[in-house]
Amino acid sequence: MEIWINPACSKCRSALTLLDAEGADYTVRRYLEDVPTEDEIRAVLGRLGLEPWDITRTQEPAAKELGLKAWARDDASRDRWISALAQHPKLIQRPIITADDGTAVVGRTEGAVRDALGRG
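Description of the structure in this document. (Residues numbered from 1 in each chain as written. Predicted model: local features only at pLDDT ≥ 70, side-chain atom pairs only at ≥ 80, totals over all residues. Heavy atoms only, no water.)

## Overview of the overall build of the chain
As a reminder of what qualifies: In this text, helices come from DSSP runs of H or I with a minimum length of four residues, and strands from runs of E with a minimum of two, each type numbered from the N-terminal end. As a reference, a globule follows 2.2 Å times the number of residues to the power 0.38, and the radius of gyration itself is taken over C-alpha atoms. Using a 1.4 Å probe on the protein chains alone, a residue whose accessible area is under 20% of its type maximum counts as buried, one over 50% counts as exposed, and one in between counts as partly exposed. Here, two residues are considered to be in contact whenever any of their heavy atoms come within 4.5 Å of each other. Only the protein chains shown count as cover for residues, with accessible areas throughout obtained via the Shrake-Rupley method and a probe of 1.4 Å.
A tally of regular secondary structure across the chain gives five helices and four strands. Reading the helices (α) and strands (β) of the chain from amino to carboxyl end gives β-α-β-α-α-α-β-β-α. For the chain, the C-alpha radius of gyration of 14 Å lies close to 14 Å, the compact-globule estimate for 120 residues. With the C-alpha coordinates aligned to their principal axes, the bounding extent of the chain is approximately 40 × 25 × 25 Å. Residues counted as buried form 43% of the 120 residues belonging to the chain. By sequence separation, contacts in the chain at least 24 residues apart represent 62% of the contacts at least 6 residues apart. Total accessible area computed for the chain in this model is approximately 6,100 Å², and 45% of it derives from carbon and sulfur atoms.

Structure representation (structure tokens):
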């Protein structure tokens, strides 16, 4: 299992604490330093069953600069969103946990983290 984190994020720290308490075997990816490629973002979106706008932090300054709230949320705009996430990783919702069974969750709640743990 891999968890994409920003160490400054309290939700990320909480997720790590829970994973450690449960003795989970995981790898940490500091995604602001080890920025995911567009293909990696597409793969995670597929595992999450979400669209790029579903994991975009629209309140971030970069989102406001890009005018993301006005961007279309449709298939034709999907690549544009993915490109923005790859170029501005701070826009990616966190933490994202990829489970060994091929699924993923956005681990912002204890329940979501426990769900990922249940998937191995």
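## Considering the pattern of salt bridges
Any two side chains of opposite charge can pair if their charged atoms end up close together. Here is the rule we go by: Take a side-chain nitrogen of Lys or Arg and a carboxyl oxygen of Asp or Glu: if they are within 4 Å of each other, that pair is a salt bridge.
Tallied over the full model, the rule gives nine salt bridges. Across the pair Glu22 and Arg114 runs a salt bridge whose closest N-O atoms are separated by 3.1 Å. Here Arg114 lies in helix H5 (residues 110–118) and Glu22 lies in the loop between helix H1 (10–21) and strand E2 (27–30), a separation of 92 residues in the sequence. A residue is classified by how much of its surface remains accessible, and Arg114, at 38% relative accessible area, is partly exposed. Salt-bridge contacts for Asp39 lead to Arg42; the nearest nitrogen and oxygen are separated by 3.2 Å. Here the residue Asp39 and the residue Arg42 both occupy positions in helix H2 (residues 38–48), the gap between them amounting to three residues, near one helical turn. Taking the relative accessible area as the measure of exposure, Asp39 reaches 58% and is therefore exposed. Taken together, the salt bridges that share partners define one network made up of Glu38, Asp39, Arg42 and Asp79.

## Comments concerning the pairing of strand E1 (residues 2–5)
What counts is decided by this rule: By definition, two strands form a pair when at least two bridges between them are found by DSSP. Handedness is read with the strands pointing away from the viewer; a crossover is right-handed when the path from the first strand over the helix to the second is clockwise.
Here E1 runs beside E2; their pairing, made up of four bridges, is parallel. The residue bridging Trp4 from the neighbouring strand is Arg29, located in E2. Viewed along the sheet, the connection from E1 through H1 into E2 turns out right-handed.

## So, the nonpolar core
Condition: Residues grouped as a nonpolar core are buried Ala, Val, Leu, Ile, Met, Phe, Trp, Tyr and Cys residues, joined through side-chain atoms within 4.5 Å.
Ranked by internal contacts, the top residues of the largest apolar core, which has 21 residues, are Ile41, Ile55, Ile92 and Ile96. Broken down by element, the residue count for this core peaks at five residues, all from helix H4 (residues 78–87). When neighbours within four sequence positions are excluded, Ile96 is seen to be in contact with Glu2, Ile3, Trp4, Val44, Leu48, Ile55, Val105 and Val106. Counting residues in each nonpolar core, the second largest holds 13 residues, with Ile3, Cys12, Ile97 and Ala116 among its members.

## Observations regarding the packing of aromatic side chains
Keep this limit in mind: Only the six-membered ring of Trp is used, alongside the rings of Phe and Tyr, when aromatic pairs are assigned; centres must lie within 6.5 Å, and planes under 30 degrees apart are stacked while those over 60 apart are edge-to-face, with the rest tilted. A ring has a charge above it when a Lys NZ or an Arg CZ is no more than 6 Å from the ring centre and no more than 35 degrees off the ring normal.
What the rule picks out here adds up to two aromatic pairs. Ring centres 5.5 Å apart and planes at 80 degrees place the aromatic pair Trp71 and Trp81 in the edge-to-face group. Taken together, the residues Trp71 in the loop between helix H3 (61–66) and H4 and Trp81 in helix H4 connect sequence positions ten residues apart. Relative accessible area serves as the criterion here: at 1%, Trp81 is assigned to the buried category. These aromatic residues form a ring-pair network of at least three members: Trp53, Trp71 and Trp81. The aromatic ring of Trp71 is capped on one face by Arg80, whose charged end is 3.7 Å from the ring centroid.

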